[in-house]
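# Observations on the three-dimensional arrangement
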Amino acid sequence: MGKASVIPFGPQHPVLPEPLHLDLVVEDETVIEAIPQIGFVHRGLEKLVETRDFNQFIYVAERICGICAFGHSLGYAETVEQLMQVEVPKRAEYLRVIWHEMSRIHSHLLWMGLAADAFGFESLFMHCWRLRERVLDLFEATTGGRVILSVVKVGGVARDITDDMFRKIQDTLNGIKGEYGQICKTFLNDYSVKNRTVGVGVIDEEAARSQCMVGPFARASNVNNDIRIFGNGAYGELDGFEPILDTQGDCYARVKVRALEVLQSIEIVNELIGKIPAGEVAVEMKGAPADGAEAASVLEQPRGECYYYARGNGTKYLERMRMRTPTSQNIAGMTTALAGCDLADVNMIVLTIDPCISCTER
Amino acid sequence: MGSFNLGKMTLGSMFKKPETIQYPAQTRFVPVGLKGHVAIDMQVCILCGICMKRCTTSAITVDKPARIWEIDRFRCVQCGYCIAECPKDCLFMEPSYAPAATAKSIEVFEKPAEELDEAAEEAQAAKEAEKAARVKAALEAKAAREAQKAKDDPAEAPKTARA
Ligand code: SF4
Ligand code: SF4
């Protein structure tokens, strides 16, 4: 046993564009302990709710994070609608879920690209991002934005999608399945990828539960905590939604869960497009949240469960808006997975929780 | 083998149309409703200032007395809230992006002066027509009253008629 020393990892690190800092206590090549530190990109967005009215704040909420932008605007809108007891038209609920699942596809493809980049597989990275561009093109055609969509509003959605566009969405998503299948095969069968992922950063089910892990990170350890099974919004209209689980709890399982979730999301989009009812896409919002009214909601973001809480004060400004983001839940699990790993595996483990530090710090 | 598959795919893409384009020689297809920048039709704008109140980033300033509508393109985030809220529907989203610049600036739009004259003239004409109608109605009423009076008192009648 050598002497323990501390190696700083981040907040600027080539493997991770997110400003996460870890103090890695290492002995020889083994990490004994990882001490995380965040707070480099805190912007005080929750405080901003006091000076932006509830309609304006949706544009702030979706800027919390660039990848789950749509999810945050959706979660915020659902919470405020609950607060004001507004029923959203059915068509709007379907459209929201369609866009949300498309965001999941783009988020997972982005993550898979980053993971490939982290273990040095550049061409795989390029292929993942090439397919992701197709989804972004669909966003651009349906909402006018590629990343920040500004399409959800409190009371519904700002834009409808035409039947022609629905066909185009289906064609594009079904069209990428073939190439995506090839990419998945590389991720799941290639020995050079498996060398980096199988058996690395294992977290068993018990640890996953005790650390309150969420999202694909937890589902890879066989924790069934997919919020979509609650059937909020149009998720309730799906014929039998089954979360994707894995029992291994290592980096390979996390890659696998995300890889399969992309295909699952394509199926969800296809199913909802087949069922979407006609009608209005938004209701008029009148008045303001009542004084002391409280509402909370949960949403399955690409990275896991995100919890939203809002309190009104009788004016059009909210008293409090709080979000508990998936990454803040997963940091504990990440440090557990890091303890005892090889120094060379740190980047793989950090990446497989799919950290989103800008969400966490808001 | 996974990488063999991927190798095939990568080799295949050498013979496909490139995914990227030669910007700026080539430009991308612009989808309908692309959020580029906010534009305004000053002919229609009534300078009510609702867009200024609603703007999430305080990018818009409306000065009614000076008849100007200003936008700070560096603050605007293309959320489209002002466009949804404008009562005259004179704001819209243009697909081209605001050009890059080396210094921050504010774009000023002035409500055209001839529009003022025309509008004012119209308003004036409407007011005058209304006034004339009122006077006419009053005169008619007066005449009717006089006629009634004349019936009651025939001696007064010629005088009224002359007047
Ligand atoms: S809301 Fe419309 S009409 Fe009113 S000032 Fe703004 S642009 Fe003009
Ligand atoms: S688009 Fe949004 S940010 Fe831009 S001027 Fe309108 S309200 Fe303000």
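Residues numbered from 1 in each chain as written. Chains lettered and ligands numbered in written order. Predicted model: local features only at pLDDT ≥ 70, side-chain atom pairs only at ≥ 80, totals over all residues.

### Overview of the overall build of chain A
The secondary structure content of chain A amounts to twelve helices and eight strands. What you see for chain A is a C-alpha radius of gyration of 21 Å, in line with the 21 Å of a compact globule of 362 residues. Here the C-alpha coordinates of chain A stretch approximately 70 × 45 × 35 Å along the principal axes. The 362 residues of chain A split such that 51% are buried. Summarising the internal contacts of chain A: among those between residues at least 6 apart in sequence, 70% fall at separations of at least 24. (Helix = DSSP H or I, 4+ residues; strand = E, 2+ residues; numbered from the N terminus. Rg over C-alpha atoms; globule rule 2.2 N^0.38 Å. Buried ≥ 20, exposed ≤ 12 C-beta atoms within 10 Å, placed from the backbone. Contact = placed C-beta atoms within 7 Å.)

### Regarding the environment of K3 of chain A
By secondary structure assignment, the location of K3 of chain A is in the segment before β1 (4-9). For the pair formed by K3 of chain A and E27 of chain A, sequence separation is 24 residues and the distance between their alpha carbons is 5.9 Å.

### Remarks on unusual backbone geometry
Residue and element names in this part refer to chain B. Look at the link from Y23 to P24: it is a cis peptide, with omega at 0 degrees. The phi angle at S58 is positive, at roughly 55 degrees, despite the residue not being glycine. Along the chain, S58 turns up in the loop between α2 (50-54) and β2 (60-63). For S58, a count of 11 C-beta atoms within 10 Å corresponds to the exposed category.

### Structural notes on the site of ligand 1
Near ligand 1 you find 14 residues, and of these C45, C48, I50, C51 and C86 of chain B are the closest. For the shell around ligand 1, the class distribution of residues is twelve nonpolar, one polar and one charged. (Near = placed C-beta within 6 Å. Nonpolar A, V, L, I, M, F, W, Y, C, P; charged D, E, K, R; others polar.)

### Quick look at the pairing of strand β6 (residues 294-301) of chain A
Strand residues, when the strand is regular, have side chains that alternate between the two faces of the sheet. Residue and element names in this part refer to chain A. The pairing of β6 with strand β7 (residues 304-312) spans eight bridges and is classified as antiparallel. Following the sheet pairing, E294 is matched in β7 by R311. Between β6 and β7, which follow one another and run antiparallel, lie two residues. (Pairing = 2+ DSSP bridges.)

### A short note on the site of ligand 2
Neighbouring ligand 2 are 15 residues, the closest being C55, C76, C79, Y81 and C82 of chain B. Of the residues that constitute the shell around ligand 2, the class distribution is ten nonpolar, four polar and one charged.

### Topic: the sheet that holds β1 of chain A
Two strands in a sheet stick together by hydrogen bonds in their backbones, pointing the same way (parallel) or opposite ways (antiparallel). Residue and element names in this part refer to chain A. The sheet built from three strands is open, its strands ordered β1-β2-β3 with antiparallel pairing. The open sheet has two edge strands, β1 and β3 (30-37), and neither has a second partner. Between one strand and the next, the sheet's axes are offset by a mean angle of 25 degrees, whatever the strand orientation. Bridge count between strand β2 (residues 21-27) and β3: seven bridges; the pairing is antiparallel. (Axes fitted to C-alpha atoms, helices over the stretch in contact; angles between N-to-C directions.)

### Quick notes on helix α4 (residues 122-143) of chain A
Residues and elements named next belong to chain A. With 22 residues, α4 extends 31 Å between its outermost C-alpha atoms, agreeing within 8% with the 32 Å of an ideal straight helix rising 1.5 Å per residue. Buried residues of α4: L124, H127, C128, L131, R132, V135, L138, F139, E140, T142 and T143, and no others. In the stretch just after α4, G144 is the one whose phi turns positive, near 90 degrees. (Expected span 1.5 Å × (residues − 1).)

### Observations concerning the interface of chain B and chain A
Facing 19 residues of chain B, the contacting portion of chain A comprises 21 residues. Those elements giving two or more residues to the side of chain B that touches chain A turn out to be α1 (2-12) and α3 (81-85) of chain B. If you tally residues by element for the side of chain B that touches chain A, the top one is α1 of chain B, at six residues. Of the residues belonging to the side of chain B that touches chain A, the class tally is ten nonpolar, seven polar and two charged.

### Quick word on the confidence of the model for chain A
For chain A, the mean per-residue pLDDT works out to 85, and 99% of the residues sit at or above 70. Helix α12 (residues 357-361) of chain A is the least confidently modelled element of chain A, averaging 80 in pLDDT, while helix α3 (residues 90-118) of chain A averages 89, the highest of any element. (pLDDT = per-residue confidence, 0-100.)

### Comments concerning the sheet that holds strand β5 (residues 107-110) of chain B
Residue and element names in this part refer to chain B. Taken in spatial order, the three strands of this open sheet run β2-β3-β5, and their pairing is antiparallel. In the strand order of this sheet, the two ends are held by β2 and β5, each with one partner. Sheet twist, expressed as the mean angle between neighbouring strand axes with direction ignored, is 15 degrees. When β2 meets strand β3 (residues 68-71), the two strands line up antiparallel, connected through four bridges. Residue pairing in the sheet places I60 in a bridge with I71 of β3.

### Side note on the packing of α3 of chain A against helix α9 (residues 251-275) of chain A
Residue and element names in this part refer to chain A. Relative to each other, α3 and α9 sit at 155 degrees, their axes nearing to 9 Å. What the angle tells us is that α3 and α9 run roughly antiparallel. Two packed elements cross with a definite hand, and for α3 against α9 that hand is left-handed. Between α3 and α9, the contacting residues are Y94, V97, I98, E101, M102, R104, I105, H108, L109, W111, M112 and A115 on the first element and V255, R258, A259, E261, V262, S265, I266, I268, V269, L272 and I273 on the second. (Parallel < 35°, antiparallel > 145°, perpendicular 65-115°, else oblique. Left-handed = near helix turned anticlockwise from the far one by under 90°.)

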